[in-house]
Every structure is written in structure tokens, then in C-alpha cells.
Amino acid sequence: MAPHRPPTPHTPHIVIAGGGIAGLTTALALHGAGFGRITVVEAARHHRPVGAGLNLMPGAVRELDALGLLPALESGAALRTRELRYYHRSGALISREPRGLGAGYRWPQLSLHRAHLQRVLADAVRERLGPAAVLTGVRVTGVDVRPDGRPRLRLAHRDGVGRGGRASLEPDVLVGADGIRSAVRAALDPGEGRPPWNGMVILRGVSRMPAEAAARFMLIAGDDRHKAVVYPMSRPTGGHVLVNWALARPADDTPDARTLGDWNRSADVDDFLHLYEGWEFDGLRVTDVLRAADTAHTYPMVDRDPLDRWSHGRTTLVGDAAHAMYPVGSNGASQAVIEARALAHALAVHDDPVEALTAYEAHRRPVTTALQEAGRRQGPEVVIDLAHRRAPHGFTDVHEVIPAEELAAIAARYAATGAFDPATVNRGSPYGAPCRPVRAVAGPAPVA
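Right, let's walk through the structure included here. (Residues numbered from 1 in each chain as written. Predicted model: local features only at pLDDT ≥ 70, side-chain atom pairs only at ≥ 80, totals over all residues. Heavy atoms only, no water.)

Some details on the nonpolar core
Here is a general trend for soluble globular proteins: nonpolar side chains tend to be buried in one another's company. Put simply, the rule reads: Here, the term nonpolar core denotes a set of buried Ala, Val, Leu, Ile, Met, Phe, Trp, Tyr and Cys residues that are joined through side-chain atoms within 4.5 Å. With a 1.4 Å probe rolled over the protein chains alone, any residue whose accessible area is under 20% of its type maximum counts as buried; one over 50% counts as exposed, and the rest are partly exposed. Contacts are assigned to residue pairs with any non-hydrogen atoms lying within 4.5 Å of each other.
Membership of the largest hydrophobic core comes to 80 residues, with the highest contact counts inside it found for L56, L117, L153 and L347. Contacts of L117, omitting those with residues within four sequence positions, involve I21, L54, L56, L64, L73 and L112. Within the second largest apolar cluster, 25 residues are counted, among which are Y87, F217, V230 and V289.

Observations regarding the pattern of salt bridges
Put simply, the rule is: A side-chain nitrogen of Lys or Arg and a carboxyl oxygen of Asp or Glu constitute a salt bridge if their distance falls within 4 Å. Under the DSSP-based scheme used, a helix requires at least four consecutive residues in state H or I and a strand at least two consecutive residues in state E, with every element numbered from the N terminus.
Taken as a whole and assessed by the stated rule, the structure comprises 27 salt bridges. The residue D288 makes a salt bridge to R285 at a minimum N-O spacing of 3.0 Å. Take R285: its relative accessible area is 39%, and that puts it in the partly exposed class. Note that D303 and R376 form a salt bridge whose closest N and O atoms lie 2.7 Å from each other. Pair noted here: D303 is in the loop between β20 (293-302) and β21 (315-317) and R376 is in helix α9 (residues 353-376), with a separation of 73 residues, a long-range link. Under the relative-accessibility criterion, D303 is labelled buried at 0%.

As for the environment of S182
What counts here: N or O atoms closer than or at 3.5 Å make up a polar contact, with two conditions inside protein: a donor-capable atom paired with an acceptor-capable one, and, for residues adjacent in sequence, both atoms drawn from side chains.
Tracing the chain through its elements places S182 in the loop between β12 (173-176) and α5 (183-188). A relative accessible area of 4% places S182 in the buried class. Each C-alpha atom of the pair S182 and D320 lies 8.2 Å from the other, and the pair is 138 residues apart in sequence. Setting aside residues no more than four positions away along its own chain, S182 makes contact with L317 and A321. Engagement of the side chain of S182 in a polar contact is seen with the side chain of D178, the distance being 2.5 Å. Within the local environment of S182, its side chain forms a polar contact with the backbone nitrogen of V184, the two atoms lying 3.2 Å apart.

A word on the sheet that holds β20
Where we set the bar: At least two DSSP bridges between two strands are needed for those strands to be called paired. Here, axes are lines fitted to C-alpha atoms. For helices the fit covers the stretch in contact, and angles between N-to-C directions go from 0 to 180 degrees.
On the basis of which strands lie adjacent, the open sheet formed by 8 strands has the order β6-β5-β14-β15-β16-β13-β20-β17 and mixed pairing. Looking at the sheet topology across the chains shown, the edges are occupied by β6 (93-98) and β17 (265-266). Most of the contacts of helix α10 (residues 382-390) go to strand β5 (residues 83-88), to which it runs at about 25 degrees, and overall it touches β5, β6, β14 (218-222) and β15 (227-232).

Some points on unusual backbone geometry
In this structure, D282 takes a positive phi of about 50 degrees despite not being glycine. Tracing the backbone shows D282 in the loop between β18 (280-281) and β19 (284-285). Notably, Q378 is not glycine yet its phi reads approximately 80 degrees, a positive angle. As for its position among the elements, Q378 is in the loop between α9 and α10. Take Q378: its relative accessible area is 24%, and that puts it in the partly exposed class.

Given below as C-alpha cells:
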């Protein structure tokens, strides 16, 4: 992409639909690149971070560090991930690999609660852009792209502002960051329909465990039908740590279409605890983790088919709105962070917003499309499926089942797909250093 340069004197009004990780990071990246007229519209009345844990890969941490957020992330409930291990469900070790700094990256891999990341982002947006930059309780109901490419955003106010609680905005640029059920995406591609489901269900939650009982590494284990992901995501506090867990298994029945993409349906651990009896990996029993759960939720494993285009005129997409993918390879939040920086950089170096969005999409869409497709093939977790198919009852030496060269090739191929191998990441951000922060200027209020 072109080298960084300060924005032109005309500062466009940029509206971001969605106040989650993708939307908030985009707002901060735009502000850091010199844009001051930024409005985030969020459907929820209050920012209430939800969800469980996530991993931020070193490439994403690099971009958050460039925005000055790494100290805040690491000062709270975040843990540097040092090792990842893959296991067969029998307990046999498939592979172990260092992560983050231990793998030669200049930046760590971070395991943390989604709520902590969102809190850090929200605090930074309020501090740098001002509280008026985020409009809560405002839902996007439609988008019209005018002949000149400018978007008109139709809004519904939950608190009744405007005629019948409805209003509109006509920004210079619109960014859809409103998740897997994106209203912006639906307006640009109205015939797409519901997110496709692969027949699997995800159960996930957070457990508070004694530090000595929690593994100090991240593990992914299972067979060709059931998988478990478990990792600590906080430093010890009062002798306890927070542990994130996620389980994938075939669904018992077809989910209601209305729940596809819903991450917040409560689940009862007792309903599925028996399925993981005997799952023990180097002293960590999955059932112990589940019994210690503070929260548990379930949702169908869905994604979105790759789009042929993200941008229409002066409207584009980031994060799950652009490329919702399976939770494989720790890429959902990481790719959203990288995209936010890429988009801000493109808008800063191109005077014409349409040219900027075209350059941004040409840079990012091929990468995420490849990652979506790799995720559908299990990505790096395919080693678990291979081990089970070749030795369903377990093994003593994995190299008798999967040669070392094959294991290394699988890991390298996936890293190359997303350009997150150490050599590429360590070259530094391709998106330039942020400009000196500008004074935030509130965008125009919605037109009733």
C-alpha cells in the first residue's frame, strides 16, 4: 500500500455502524490517522461487554501497540500466551509449539476476556474522541447508496428521538462493523439470507480456577467430531485465574433460524458434562474446568460465505460484517483489528474515498477469504482430525502417525495464508505510524 501521509484539509465525516471490537478499533485507527469527524452508532443502549475469552495474535497486538493500547491491555486481565499444545482425545500429545515472544515474534500473543478488550477500546474512544462520538441505542435499519456513491444511513432510535423514533445520517464514508448479522451488509447484498450452519454447536464459557489446577498453556484437543479448547487468560488474583473454554460437537437438533449467529444463549454445563468424562491432558481434566464455570453459552457454528466485494461507493465492511469465520486459528478479533488499521491507512493516503475503499478491499479481502476457506477445512486444527483418522485409539509417538515434516508443513501453510508468520509480522506495521492525534469534532446529528 502507499506510504502514510497526512489527510487533506477537508476532513470527511465517517460513520461506523457497530460499537464492538471492530467498530471501536476502527474509530481509534481513524482518529490516529488524523480524522476527527467520526461517529459510532451502536444498537445497544449501554456498552455491556459480553462473551468469553479470545486470543489476539502478534500481528493484531502489533497494531494495537501502534495505537498506544498495549500498556492498558497488559495492565489488566490479559495473559501472554507462551505455548499451544494439540492433543488427541485419548490424552496423547500431537504437537506443542511456542507462541508469541517465545516463537520469535516482536510482540506477544495475548489471551484475554473479550470484555477486557472492549473496555480498553471503549475507554480510549471516550478519551480521544469524546463521549459524543458514540451514539448508543441507535439501530441501523437500512442503507441507500446514492448515484454519486454517498451513503444514506437510515436509523431507528430506541429512545424515540425524531419522528417515530427514526432518523438518518448522510456521512461521507460509512463503515459496516455490525457483526455477522450486519444490517449494512444486508443492505448491500439483500439476497444473502441467513448465516450458513455446518451442523456443529459451540459451547463456551469462563471458569475461575485455583492457579495450581489450571494449565499454563493453551490446549486444543479432541477427535473428528468433538473438540475442546482450554486456556488461561489472566494472571493469578487471590490464588485464582480465569480460564476460557470452548467445546465443539455435533448438534442434537436443528437450531431455530433466529438463533443463528446469537452468541448469548445460556447453557447448562450439566447437560453436556458427561460427554467429556475422561478427557485429561497432562494433568488438566476438562470436566474440572467445566464444573468451575461462572458462565456458559451455546450457539450454532456459523460463518458467512466470502463476498465478491466489500465496498459499494463510499460504503465498506470490516470484521465479522465482512467475513465472519469459524472460531479456528484465533483469527476473528485479530483480523478485525488489522482491518481497522488497514482501512484508516487507506483513507489517509487516498484523497478520493472511493479509491481508498477500493485499495483497502484489494489489500484485505483476499487474505480473509483464504482464512475463511481454511477455517472450513479446520485450519491448523486439522492435525487432530488426521491423528484420529490414522490412530483412533491413540498412540505413543505421534511421528509414527503424522511425520514431523507434515506437522510443520500444516502449521507453516496456515501462517502463510494469513501472513502472520514471524518474519512478516516482525517487519512492522505496513500501515504507517499514526498521525499526531487531532481534536475530535462531533459529526452532524442524525436528521429526523
